[in-house]
Amino acid sequence: MKYSSKIVFALVLCAIIVTKCYESDKKKEVREKYLSGYYDNVVAKSTKIEIAKTNKFLPPENWNQYIVSNHFFISVPPTVELRNVDDVYTQEIKKIEWHGHKINEDNVVFQQKGLSDNSERAHNTYCRIIINIQKGNPGDFMQCDEFEDLELDDIHFFQSLAIENSSGYEVIGTPSVRWVRIEDIYAIEVEYIRKGVDDNRTNVNSYYLFNDSILANIILSYRQKDANLWEKDFSNVIRTFTWNNK
């Protein structure tokens, strides 16, 4: 089949325009992913990204280890307590052989120690460790030792979740979204700052951990001006996480 030179030129021009538009969109996507902090933990930027490995944290003896809903272990510092001794999951704490505690609930909250007794000191600060478990069918989620490169739409989705889960408080700036790796366990970390009571600001790190049929969301937050009380310990809490079947 023969084409006139004008038609050939028009087809080539269209191909060039489409290619340039694609390249422009791709550059925009990469730039926005950089700005979101997505590449902060990447050790090799190529067609297949690699996530920097973080070692597990061995907590001091005064930390308390819990097994949550028989799915995973996590340790917390002695400066926090389970919310309200009257709650079902608090009543169901049981000592077991490994000297930790077992919580037979899918929704768990830790708060600054003394708050359940209305301690004045406890009311002068703020922190939370909130754990939510979503149960699906086998294969609904990724395995705990694998990850997939997130598209820009995925990043926007997790950013929108941060805004929805901010308890009605305004999120300041744009939440960062990135993969993190704790030994061979992968998680999506969403980090942001939100407003709080009396114009205080709150640091929030939300983690999404996947394990075949289980999704665990662990949210760690504390008042920004009290970072000296919470920042170091809270950055280590997620590094104590271990799936029960690993």
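About the criteria used
Residues numbered from 1 in each chain as written. Predicted model: local features only at pLDDT ≥ 70, side-chain atom pairs only at ≥ 80, totals over all residues. Heavy atoms only, no water. Core = buried A, V, L, I, M, F, W, Y, C linked by side-chain atoms within 4.5 Å. Buried < 20%, exposed > 50% of the residue type's maximum accessible area, 1.4 Å probe, protein only. Helix = DSSP H or I, 4+ residues; strand = E, 2+ residues; numbered from the N terminus. Contact = heavy atoms within 4.5 Å. Pairing = 2+ DSSP bridges. Phe/Tyr/Trp six-rings, centres within 6.5 Å; stacked < 30°, edge-to-face > 60°. Polar contact = N/O pair within 3.5 Å; in protein donor to acceptor, adjacent residues only side chain to side chain.

K.L.:
Break down the nonpolar core for me, with residues and values.
P.N.:
Generally speaking, soluble globular proteins have nonpolar side chains that are buried together. Formed by 34 residues in total, the largest nonpolar core has its most connected members in Phe72, Phe110, Ile129, Ile131, Leu209, Ile218 and Trp243. Ranked by residue count, the leading element in this core is strand β14 (residues 214-223), at 5 residues. Among residues more than four places away in sequence, those in contact with Phe110 are Tyr66, Val76, Val80, Glu81, Leu82, Ile103, Cys127, Arg128, Ile129 and Ile131. Grouped together as the second largest cluster of nonpolar side chains are 25 residues, Val177, Val190, Val204 and Tyr208 included.

K.L.:
Can you explain the sheet that holds strand β10 (residues 127-135)? Please cite residues and give values.
P.N.:
Within the open sheet, the 8 strands sit side by side as β3-β11-β12-β13-β14-β10-β9-β6. Their pairing is mixed. Every interior strand has two partners, whereas the edge strands, β3 (53-54) and β6 (80-82), have only one. Judged from the 2 bridges that link them, β3 and strand β11 (residues 171-182) form a sheet pairing that is parallel. If you follow Lys53 over to β11, its bridge partner there is Arg181.

K.L.:
Residues and numbers for the pairing of β14, please.
P.N.:
Along β14, 10 of the 10 residues are buried, which leaves the element largely enclosed by surrounding structure. Residues Ile214, Ala216, Ile218, Leu220 and Tyr222 line one face of β14 and the alternating positions Leu215, Asn217, Ile219, Ser221 and Arg223 line the opposite face, and both faces are buried. Bridging between β10 and β14 involves 9 bridges; their strand directions are antiparallel. Bridging from a neighbouring strand, Cys127 pairs with Tyr222 of β14. Bridge count between strand β13 (residues 201-211) and β14: 10 bridges; the pairing is antiparallel. Bridging from a neighbouring strand, Val204 pairs with Ser221 of β14. Connecting β13 to the antiparallel partner β14 that follows it, the hairpin turn spans 2 residues, and Asp212 within it adopts a positive phi of roughly 65°.

K.L.:
Lay out the packing of aromatic side chains in plain terms, naming residues and giving numbers.
P.N.:
Applying the stated criterion across every chain, the model contains 15 aromatic pairs. Note on Phe141 and Phe210: the rings are 6.4 Å apart at their centroids and 35° apart in plane angle, and the pair reads as tilted. Of the two residues, Phe141 sits in the loop between β10 and α4 (152-164) while Phe210 sits in strand β13, which places them 69 residues apart along the sequence. Across the pair, exposure class does not vary: Phe141 and Phe210 are buried alike. Among the aromatic residues, those joined into a cluster by ring pairs are Phe141, Phe147, Trp179, Tyr186 and Phe210.

K.L.:
So what about the side chain of Asn200? Which residues, and what values?
P.N.:
As for its placement among the helices and strands, Asn200 is situated in the loop between β12 (185-195) and β13. On the basis of relative accessible area, Asn200 is assigned to the buried category, the value being 13%. Leaving out residues up to four positions away in the same chain, Asn200 has contacts with Arg194, Lys195, Arg223 and Lys225.

K.L.:
Quick one: what's the story with the environment of Asp212, residue by residue and with numbers?
P.N.:
Along the chain, the position of Asp212 falls in the loop between β13 and β14. Measuring from C-alpha to C-alpha, the distance between Asp212 and Gly136 comes to 8.3 Å, with 76 residues separating the pair along the chain. Other than its neighbours up to four places away in sequence, Asp212 contacts Asn137, Pro138, Gly139, Asp140, Phe141, Met142 and Gln143. Reaching out from Asp212, the side chain makes a polar contact with the backbone nitrogen of Gly139 at a distance of 2.8 Å.

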